[in-house]
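These are the residues of each chain, in order.
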Amino acid sequence: MELPSAQKEFVEILHQIKDPATLHGFLSWIKENWFSGDSNLNIGSHETAVLVNGVEAEELLENIAIDLRQLLPMEAQLSSETIVFPKIGKNADCHPATTVNVDGFLYDDRLVDALCDEGKLPKSYCTSCGSRDTKPLTFISHSASRENLAHAFRNLLPDLVGKHILDIGSRFGAVLFGAFAYSQASRITGVEINAELAALSLSMVHKYNMQSRVEVYTGDIRQFAHLVSSADVVVMHNVFEFFAPLDVQRDLWQALRQLIKRGALMLTSPSLEQALSPLNTNIQLEQWVEHLTHPSNTASMDDDDEDSVPEMDLVHLYRVL
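Residues numbered from 1 in each chain as written. Predicted model: local features only at pLDDT ≥ 70, side-chain atom pairs only at ≥ 80, totals over all residues. Heavy atoms only, no water.

1. A short note on the overall build of the protein chain
A count of helical and extended segments in the protein chain gives 11 helices and 13 strands. For the protein chain, the proportion of its 321 residues judged to be buried stands at 43%. Residue pairs at least 24 apart in sequence account for 73% of intrachain contacts in the protein chain once pairs closer than 6 positions are excluded. Looking at the protein chain as shown, the accessible area adds up to about 17000 Å², and 52% of this sits on carbon and sulfur atoms. (Helix = DSSP H or I, 4+ residues; strand = E, 2+ residues; numbered from the N terminus. Buried < 20%, exposed > 50% of the residue type's maximum accessible area, 1.4 Å probe, protein only. Contact = heavy atoms within 4.5 Å. Areas by Shrake-Rupley, 256 points an atom, 1.4 Å probe, with all protein chains shown as cover.)

Pasting the structure below:
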């Protein structure tokens, strides 16, 4: 909409409000919600409540998280999963004995702090039993947090009306639920290699009436070339590093390099640079993707000094060339 048209429609709205109190309330609402204290227009950071099936998006995701916490162990990993701890790369310091998966979708910072205070979630480990020589445990998350999902779909990605979103390694469905809550994508697809996790996500899809737009497949993503090649947005959150040996990771990335269509968007965490650096895939990133930027996404391209970078800035958006 051009400025003159916007001005005309705004004035027409004002003329339709006959009650002075209502008019005053409307103008106060605009001032409070759309302008910061220095009178600068606050469009970039403004967020309005998103309703999904009559429920606010945040409430929907919180309800799903509550349900899943009752169905999953605290570490949100199943005995049927194969976890492969990296031997090289940025996460090579993660050791099975000192690394804890604290799922970002299920447990927000407030809940993690409460669990630690209650002694239900340890913060550190003893380097020598019986001594006071302790070190902090390493917390990782195999799922995107609810805050990160809201940021990705409301701030980073464009309007997705009529688009197809594919989440590779969808686990119990965090990205699928976020896409349903925060986007108008017409098709939201998850592919998860673990049958138990796929079934769990599908149970939430049906419980919360998301089946009109959300679907879940079980298997290796290489079995679903048609889904990859049709996707307008491909999401990959910590997708392969902890779940496949290096040679399999290499094959998976090379397959995706061939299958993801030109013009598609890729939303990844960590960055593609970090994910591919230890694999020797021979993929030339500068020939494959354009790294898109956003005013609130200020992290370096290789996520250096990750602890000092806000979580939302560890999400990277690319366009396939």
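And the narrative resumes.
2. With respect to the confidence of the model for the protein chain
Across the protein chain, the average pLDDT comes to 81, with 77% of residues at or above 70. The low-confidence segment residues 42–47, where pLDDT is below 50, has nine contacts with residues more than four positions distant or belonging to other chains. With pLDDT under 50 throughout, residues 294–309 is counted as low confidence; its partners more than four residues away or in other chains account for 32 contacts. (pLDDT = per-residue confidence, 0-100.)

3. Overview of the nonpolar core
Counting residues in each nonpolar core, the largest one holds 54 residues, and the members touching the most others are Ile64, Leu68, Phe105, Leu106, Phe153, Phe172 and Phe177. When contributions to this core are tallied by element, the ones reaching two or more residues are helix 3 (57–71), helix 4 (109–117), helix 5 (146–156), helix 6 (174–182), helix 7 (195–207), strand 9 (214–218), strand 10 (233–237) and strand 11 (265–269). The greatest single-element share of this core, amounting to eight residues, is contributed by helix 6. Setting aside anything within four residues of it in sequence, one finds Leu106 in contact with Ala65, Leu68, Arg69, Leu72, Ala76, Leu111, Arg146 and Phe172. (Core = buried A, V, L, I, M, F, W, Y, C linked by side-chain atoms within 4.5 Å.)

4. Here we look at the packing of helix 3 against helix 7
Interaxial distance between helix 3 and helix 7 falls to 11 Å at its minimum, and their mutual angle equals 140°. One finds that helix 3 runs oblique with respect to helix 7. Along this stretch, helix 3 crosses helix 7, giving a crossing that reads as right-handed. The residues of helix 7 that touch helix 3, namely those facing Ile64, Asp67, Leu68 and Leu71, are Leu200, Met204 and Lys207. Counted by class, the contact of helix 3 with helix 7 contains five nonpolar, no polar and two charged residues. (Axes fitted to C-alpha atoms, helices over the stretch in contact; angles between N-to-C directions. Parallel < 35°, antiparallel > 145°, perpendicular 65-115°, else oblique. Left-handed = near helix turned anticlockwise from the far one by under 90°. Nonpolar A, V, L, I, M, F, W, Y, C, P; charged D, E, K, R; others polar.)

5. Overview of the environment of Ser79
The topology assignment puts Ser79 in the loop between helix 3 and strand 3 (99–101). Separated by 117 residues in sequence, Ser79 and Glu196 place their C-alpha atoms 9.9 Å apart.

6. Here's the deal with helix 9 (residues 246–259)
Taking 1.5 Å of rise per residue, 14 residues should cover 20 Å, and helix 9 covers 20 Å from first to last C-alpha, within 8% of that figure. Along helix 9, the residues classified as buried are Gln249, Leu252, Trp253 and Leu256. All buried residues of helix 9 fall inside an arc of 95° around its axis, so they share one side. On the buried face of helix 9, the contacting elements are strand 7 (164–168), helix 8 (225–230), strand 10, helix 10 (272–276) and helix 11 (285–288). (Expected span 1.5 Å × (residues − 1). Arc of directions from axis to C-beta.)

7. Structural notes on unusual backbone geometry
Going from Ser269 to Pro270, the amide bond is cis rather than trans, its omega being 5°. Its location among the elements puts Pro270 in the loop between strand 11 and helix 10. The phi dihedral of Ala76 is positive, around 55°, even though this residue is not glycine. Look at Asn282: it is not a glycine, yet its phi comes out positive at around 65°. Inspection of the secondary structure assignment puts Asn282 in the loop between helix 10 and helix 11.

8. Remarks on a nonpolar patch on the surface
Taken together, the side chains of Phe10, Val11 and Leu27 make up a nonpolar region of the molecular surface, amounting to roughly 230 Å² of accessible area. The residue Leu27 is located in helix 2 (residues 20–34) in this model. (Patch = residues over 30% accessible without salt bridge, like charges linked within 9 Å, V, L, I, M, F, W, Y side chains within 5 Å. Salt bridge = Lys/Arg side-chain N within 4 Å of Asp/Glu carboxyl O.)

9. A closer look at the pattern of salt bridges
The tally for this structure, following the rule as stated, stands at 10 salt bridges. In this structure, Glu58 and Arg154 form a salt bridge, with 3.6 Å as the shortest nitrogen-oxygen distance. Here Glu58 is found in helix 3, whereas its partner Arg154 is found in helix 5, with 96 residues between them in sequence. A relative accessible area of 36% places Glu58 in the partly exposed class. Assessed through its relative accessible area of 22%, Arg154 is described here as partly exposed.

10. Focus: the sheet that holds strand 12 (residues 289–292)
Read across the sheet, seven strands follow the order 9-8-7-10-11-13-12 without closing on themselves; strand pairing throughout is mixed. Every interior strand has two partners, whereas the edge strands, strand 9 and strand 12, have only one. When strand polarity is set aside, the average angle formed by the axes of neighbouring strands in this sheet is 20°. Here five bridges tie strand 10 to strand 11, and the two strands are oriented parallel to one another. Bridging across to strand 11, Val234 finds its partner in Met266. (Pairing = 2+ DSSP bridges.)

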